[in-house]
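A look at the structure
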Amino acid sequence: MPATIGALRESSPQETRVSVVPEVAERLAQTGARVLLEHGAGVRAQFPDSLYKSVVWADSATAVLAQADVVLTVQPLTVEQIQRLKTGAVVVGFMQPHAKAAEVKALQERGITSFAMELVPRISRAQSMDALSSQASIAGYKAVLIAASQLQKFLPMLTTAAGTIRPAQVLIIGAGVAGLQAIATARRLGAVVEAYDVRSATKEQVKSLGAKFVDTGVSAEGTGGYARELTEEEKRKQQEVLDSRIAAADAVVTTASVPGRPAPKIILRAAVERMRPGSVIVDIAAEQGGNCELTRAGETVEHRGVKVVGPVNLPGELAYNASEMYARNLLNFLKPALAKGELAIDWNDEVFAQSCLTHAGQIKHEPTAKALQGNKG
């Protein structure tokens, strides 16, 4: 029997993205599955109902949850929504397991099978499913635009009748997907760009984009494409070099994060106080506590003439393209489990096995299980 794949209008008022865009709805329908959407699901991402073809409409989120065999989401479902899921349902989306203990527990108790897109393994075959990367690239791009709009200077060098205006100096901290996109964007806008990452392997990538790599003598190669957290001694050594480059920058974009843990503090108050008045810091890691000591999520803090911007949900500010990319990630993840529209998960497939958060009344992701067990105690 064909599976019913459902998507909701996201319940968070701050979330503008949608998990299924018209193109992906059509491709899901072509597999033989039934696609069920809540009216208005894509409106905030500029996808009105009229653009969707081959879908069935529901008047409420409750109706979708009651019927869907698979629910695709952007933000984690609330505990109340989880209670309304159809028995045996599968949920796929960002789950934020390190921060959503009550929701994970509800999924476990209901016996819901859930897959967390942030747990998709970083292997070649899963690149097209890597939602963290697709959304991070948008965040890196948008962060530089925010810096440019907040900075009271031109980014490029300009030769005018009134004389030559020097280009702005931009420092990107973290050369993962977000950082590399930030570097590319700042370079396209004409800034002189420096970049730093604790993983020395990123040096060539940074240079290939036309930026200078800041070498602090500290390396923190991690597993799975991520950086490990630095020791206190390494942080002190790093800080000495970084503080001098931060002080010289007109704009700093920070992107450093450790999955499931608070963001490392890289820019301390003293470093901010060495920056020139009018300088700007845009902290992409604001939602994880921020890379800057002064960052406040969702706010712009001004300290001694320096603006510290703590944006939240940057991908949601480009909701149209962010939704397109994320919906394709979900499609690529789910499609191998859809045979003639029926859902058949291959548990020997490492992508499904490693990204599974809950299944058959168990928390399958070991770090989350341990964390919840620790909270009990």
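Reading guide: rules and limits
Residues numbered from 1 in each chain as written. Predicted model: local features only at pLDDT ≥ 70, side-chain atom pairs only at ≥ 80, totals over all residues. Heavy atoms only, no water. Helix = DSSP H or I, 4+ residues; strand = E, 2+ residues; numbered from the N terminus. Rg over C-alpha atoms; globule rule 2.2 N^0.38 Å. Buried < 20%, exposed > 50% of the residue type's maximum accessible area, 1.4 Å probe, protein only. Contact = heavy atoms within 4.5 Å. Areas by Shrake-Rupley, 256 points an atom, 1.4 Å probe, with all protein chains shown as cover. Lys, Arg positive; Asp, Glu negative; His and termini not counted. Charge placed at Lys NZ, Arg CZ, Asp CG, Glu CD. Pairing = 2+ DSSP bridges. Axes fitted to C-alpha atoms, helices over the stretch in contact; angles between N-to-C directions. Salt bridge = Lys/Arg side-chain N within 4 Å of Asp/Glu carboxyl O. Phe/Tyr/Trp six-rings, centres within 6.5 Å; stacked < 30°, edge-to-face > 60°. Left-handed = near helix turned anticlockwise from the far one by under 90°. Nonpolar A, V, L, I, M, F, W, Y, C, P; charged D, E, K, R; others polar. Polar contact = N/O pair within 3.5 Å; in protein donor to acceptor, adjacent residues only side chain to side chain. Expected span 1.5 Å × (residues − 1).

In terms of helices and strands, the protein carries twelve helices and 19 strands. For 377 residues, the compact-globule estimate of 2.2 N^0.38 gives 21 Å, and the C-alpha radius of gyration of the protein, at 22 Å, lies within 12% of that figure. When the backbone C-alpha atoms are referred to their principal axes, the protein occupies close to 70 × 55 × 35 Å. For the protein, the residues scored as buried account for 51% of the 377 residues in total. Intrachain contacts of the protein at a sequence separation of at least 6 include 64% that bridge at least 24 residues. Surface exposure of the protein reaches about 16,800 Å², of which carbon and sulfur atoms provide 51%. Averaging the positions of the 41 positive and the 38 negative side-chain charges in the protein gives two centres separated by 3 Å.

The next thing to look at is the sheet that holds strand S11 (residues 212–213). Sheet strands associate in pairs through backbone hydrogen bonding, adopting either a parallel or an antiparallel arrangement. The mixed open sheet is built from seven strands, whose spatial order is S11-S10-S9-S12-S13-S15-S14. The open sheet has two edge strands with one neighbour each: S11 and strand S14 (300–303). Two elements, strand S9 (residues 169–173) and strand S10 (residues 192–196), share five bridges in a ladder whose sense is parallel. Within the sheet, the bridge partner assigned to Val-170 lies in S10 and is Val-193. Packing against the sheet, helix H5 (residues 131–150) makes contact with strand S12 (251–254), strand S13 (280–283) and strand S15 (306–309), and its axis sits at approximately 155 degrees to S13. Strand contacts of helix H8 (residues 232–248): S9, S10 and S12, with the helix running at about 145 degrees to S9, the strand carrying the most contacts.

As a further point, take the pairing of S14. Going residue by residue along S14, you find Val-301 and His-303 tucked away on one face and Thr-300 and Glu-302 left uncovered on the opposite face. The sheet contact formed by S14 and S15 spans four bridges and is antiparallel. Within the sheet, the bridge partner assigned to Glu-302 lies in S15 and is Lys-307. Hairpin connection from S14 to S15: two residues lie between these consecutive antiparallel strands, with Arg-304 at a positive phi of about 50 degrees.

Within this structure, the stated rule accounts for 15 salt bridges. In this structure, Asp-130 engages Arg-122 in a salt bridge whose closest nitrogen and oxygen atoms are separated by 3.4 Å. Taking the shortest distance from any N to any O, the salt bridge between Arg-304 and Glu-273 comes out at 3.6 Å. Of this pair, Arg-304 sits in the loop between S14 and S15 while Glu-273 sits in helix H9 (residues 269–274), and the two are 31 residues apart along the sequence. The exposure class of Arg-304 is exposed, given its relative accessible area of 60%. By relative accessible area, which is 30% here, Glu-273 ends up partly exposed.

Read across the open sheet, the eight strands follow the order S3-S2-S1-S4-S5-S6-S18-S19; overall the sheet is mixed. Looking along the sheet, the strands with just one partner apiece sit at the ends: strand S3 (56–58) and strand S19 (362–363). Pairing of strand S2 (residues 34–38) with S3 involves three bridges; the strand directions are parallel. Note that in S3 the partner of Leu-37 across the bridge is Trp-57.

Time to look at the packing of aromatic side chains. Applying the stated criterion to the full structure yields eight aromatic pairs. Residues Phe-47 and Tyr-320 carry aromatic rings whose centres are separated by 4.5 Å and whose planes lie at 15 degrees to one another, so their mutual orientation is stacked. In this pair, Phe-47 is assigned in the loop between S2 and S3 and Tyr-320 in helix H10 (residues 319–334), connecting sequence segments 273 residues apart. Relative accessible area serves as the criterion here: at 38%, Tyr-320 is assigned to the partly exposed category. An angle of 20 degrees between the planes, with centres 5.1 Å apart, marks the rings of Phe-94 and Tyr-326 as stacked. Placement of the pair is Phe-94 in the loop between strand S5 (90–93) and helix H4 (101–110) and Tyr-326 in helix H10, with a sequence separation of 232 residues. Each member of the pair, Phe-94 as well as Tyr-326, carries the same accessibility label: buried.

Here we come to the packing of H5 against helix H6 (residues 177–188). For the pair H5 and H6, the least separation of the axes is 7 Å and the interaxial angle reads 35 degrees. Between H5 and H6 lies a crossing whose hand is right-handed. Of H6, the residues touching H5 (which contributes Ser-133, Ala-136, Ser-137, Gly-140, Tyr-141, Val-144 and Leu-145) are Val-177, Ala-178, Gln-181, Ala-182, Thr-185, Ala-186 and Arg-188. Of the residues that constitute the contact of H5 with H6, the class distribution is eight nonpolar, five polar and one charged.

Locating Asn-291 in the fold gives a position in the loop between S13 and S14. By relative accessible area, Asn-291 is classed as buried at 0%. A distance of 2.8 Å separates a polar atom in the side chain of Asn-291 from the backbone oxygen of Ala-256. The residues touching Asn-291, leaving out its near neighbours within four places in the chain, are Thr-254, Thr-255, Ala-256, Ala-263, Pro-264, Lys-265, Ile-266, Ile-267, Asp-283 and Ala-285.

The next subject is the environment of Pro-315. Looking at where Pro-315 falls in the secondary structure, it is placed in the loop between S15 and H10. Residue class for Pro-315 comes out buried when judged on its relative accessible area of 11%. As for Pro-315 and Lys-335, which are separated by 20 residues in sequence, their C-alpha atoms are 24 Å apart.

Relative to the 28 Å expected for 20 residues at 1.5 Å per residue, H5 spans 29 Å between its end C-alpha atoms, a close match to the ideal helical length. N-cap assignment for H5: the residue whose side-chain oxygen lies 3.4 Å from the backbone N of Leu-132 is Asp-130.

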